[in-house]
Amino acid sequence: MIICIDVGNTRTKVAVYENSTLQQLIITNNEKLIKNISKQIQGIENCVDIILSSVGDLSLETIEDLKKLGNLITVTHETFLPFKNLYSTPTTLGIDRIVLAAGATLKYPNQNRLVIDAGTCITYDFINSSNQYHGGAISPGIGLRYKSLNDYTANLPLEKISELHPFVGNSTATSIQSGVLNGVIAEIEAFIDHFKHLDENLTVILTGGNSEFLVNRLKNSIFANPNFLLESLFLLHQHIVSND
Ligand SMILES: Nc1ncnc2c1ncn2[C@@H]1O[C@H](COP(=O)(O)OP(=O)(O)OP(=O)(O)O)[C@@H](O)[C@H]1O
Ligand SMILES: CC(C)(CO)[C@@H](O)C(=O)NCCC(=O)O
Ligand SMILES: [K+]
């Protein structure tokens, strides 16, 4: 059994794999993480492997508890990776971005790949066909855009994701909707177009909590997988263990 844990900025997600197939997906929080995993491994006789990616605050105590539950691999900036990290500040690169780049490299070999993670933040990561990672981009996610318009102004209400709106918003609410949603879609299209100019056969992977909303609204053809980070953890675990 392999348990993949993704501690994000907002949510914590767990995937349980058995015989290389996904058995269970759990959305939890850091307080309930140990209890949830203990439940999964109750009565399991074979060894339990755990791989952890965290960009959130996971307490040392929780990490110690995870070590008691199975063989724990925590992804760090020293982890053995399938790509060459050419980021100029490699030790500040987000662990989630490292895992996504690893997953894209392993799942889609010998091609240029762009991973777009639309969660709390939107991250763009490009890995070329020679498995070199140079970097990408970070921008505010959809939720963050709504929240910051409300937080940093006197008059703007807090809107939330809804159906797509015309470019010309004719009220405060529809103006915000146009700015946030049409803005995010235009941004994502621009990044995809930028890399497609370099390679028209570019592989684009879209993931994160907002990927399902976005996938039908983008004109480019993409692989949408809301759980690509968890799948990437599984692939990275296989990669690490088989090269040990
Ligand atoms: N069931 C859900 N619970 C919470 N957010 C959800 C849910 N489904 C979709 N979302 C959307 O997903 C976004 C959060 O994305 P995601 O879960 O990828 O963030 P996260 O846990 O912070 O992970 P990351 O830090 O990797 O972005 C929110 O903006 C929200 O609109
Ligand atoms: C950008 C986030 C917050 C996205 O989760 C994360 O990847 C992170 O904390 N990154 C560190 C900065 C960087 O990636 O260069
Ligand atoms: K993200």
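Throughout, residues of each chain are indexed from 1 in the direction in which the sequence is written. Here every chain gets a letter starting at A, and every ligand a number starting at 1, in the order they are written. Where local features are concerned, this predicted model is filtered to residues with pLDDT of at least 70; where side-chain atom pairs are given and counted, the filter is 80 or more; whole-chain, interface and lining totals use all residues. Excluded from the side-chain calculations are hydrogens and water; all other atoms, namely the structure's heavy atoms, are used.

The protein chain is annotated in an unreviewed UniProt entry as Type III pantothenate kinase from Paenimyroides baculatum. UniProt positions are given in the numbering used here, feature names are shortened, and annotations may be inferred rather than shown by experiment. What UniProt records for the protein chain under Subunit (unreviewed entry) is the sentence "Homodimer."

Student: I'm lost on the site of ligand 2 in this one. Help?
Tutor: Residues are classed as near a molecule or strand on a simple rule: at least one heavy atom within 4 Å of it. What surrounds ligand 2 is the set Asn9, Tyr87, Thr92, Leu93, Gly94, Asp96, Arg97, Cys121, Thr123 and Ile138. In protein, a polar contact means a hydrogen-donor-capable atom and an acceptor-capable atom, both N or O and within 3.5 Å, with residues adjacent in sequence counting only if both atoms are side-chain atoms; elsewhere, any N or O pair within 3.5 Å suffices. Here Thr92 contributes a backbone N or O atom positioned 3.4 Å from an oxygen atom of ligand 2. The side chain of Asp96 places a nitrogen or oxygen atom 2.5 Å from an oxygen atom of ligand 2. For accessible areas, the Shrake-Rupley method is used with a probe of radius 1.4 Å. Any residue's cover is judged against the shown protein chains and nothing else. Its free accessible area being 380 Å², ligand 2 has 75% of it covered by the protein chains.

Student: Just checking my understanding: could you explain the side chain of Asp6 for this structure?
Tutor: Helix and strand definitions follow DSSP, with helices as H or I runs of at least four residues and strands as E runs of at least two, each counted in order from the N terminus. On the secondary structure map, Asp6 appears in strand 1 (residues 2-7). A relative accessible area of 7% means that Asp6 is categorised as buried. Here Asp6 is in contact with Arg11, Thr12, Lys13, Ser53, Leu229, Leu230 and Leu233, once residues within four sequence places are set aside. Burial here depends on accessible area, computed with a 1.4 Å probe over protein chains only, as a share of the maximum for the residue type. Under 20% is buried, over 50% is exposed, and the range in between is partly exposed. Whether two residues are in contact is decided by their heavy atoms: any pair within 4.5 Å suffices.

Student: Is there a simple way to think about the site of ligand 1 in this case?
Tutor: All residues adjacent to ligand 1 are Gly8, Asn9, Thr10, Arg11, Lys13, Asp117, Gly119, Thr120, Gly208, Gly209 and Asn210. Here an oxygen atom of ligand 1 sits 2.7 Å away from a polar atom, N or O, in the main chain of Thr10. In the model, an oxygen atom of ligand 1 is placed 3.2 Å from a nitrogen or oxygen of the Lys13 side chain. Out of a free accessible area of 620 Å², ligand 1 has 69% covered by protein chains. Class assignment for the residues of the shell around ligand 1 results in no nonpolar, eight polar and three charged. Throughout, the ten residues Ala, Val, Leu, Ile, Met, Phe, Trp, Tyr, Cys and Pro are labelled nonpolar, Asp, Glu, Lys and Arg are labelled charged, and all others, Gly among them, are labelled polar.

Student: I keep staring at the pairing of strand 2 (residues 12-18) and nothing clicks. Help me out?
Tutor: Sheet faces and side chains relate simply in a regular strand, where the side chains alternate between the two faces. Of all seven residues making up strand 2, six are buried, and the element is well covered by its neighbours. Where strand 1 and strand 2 come together, six bridges link them in antiparallel fashion. Bridged to Asp6 within strand 2 is Lys13. Two successive antiparallel strands, strand 1 and strand 2, enclose a turn made up of four residues. Strands were regarded as paired on the criterion that DSSP finds at least two bridges between them. The sheet contact formed by strand 2 and strand 3 (residues 21-28) spans seven bridges and is antiparallel. Directly across from Tyr17, in strand 3, lies its bridge partner Leu22. Count of turn residues in the strand 2/strand 3 antiparallel hairpin: two residues, of which Asn19 carries a positive phi of about 50 degrees.

Student: Before we go on, may I ask you to explain the pattern of salt bridges in this structure?
Tutor: In a structure, side chains of opposite charge can pair up when their charged atoms sit close to one another. A pairing counts as a salt bridge when a side-chain nitrogen of Lys or Arg comes within 4 Å of a carboxyl oxygen of Asp or Glu. A complete count under the given rule lists eight salt bridges for this structure. The closest approach of N and O atoms between Lys147 and Asp151, which form a salt bridge, is 2.8 Å. With Lys147 and Asp151 both in helix 4 (residues 142-151) and four residues apart, the pair spans about one turn of that helix. The class of Asp151 is partly exposed, set by a relative accessible area of 42%. The salt bridge partner of Glu189 is Lys219, with a shortest N-O separation of 3.6 Å. In this pair, Glu189 is assigned in helix 5 (residues 172-198) and Lys219 in the loop between helix 6 (211-215) and strand 11 (223-224), connecting sequence segments 30 residues apart. Judged by its relative accessible area of 65%, Lys219 falls in the exposed class.

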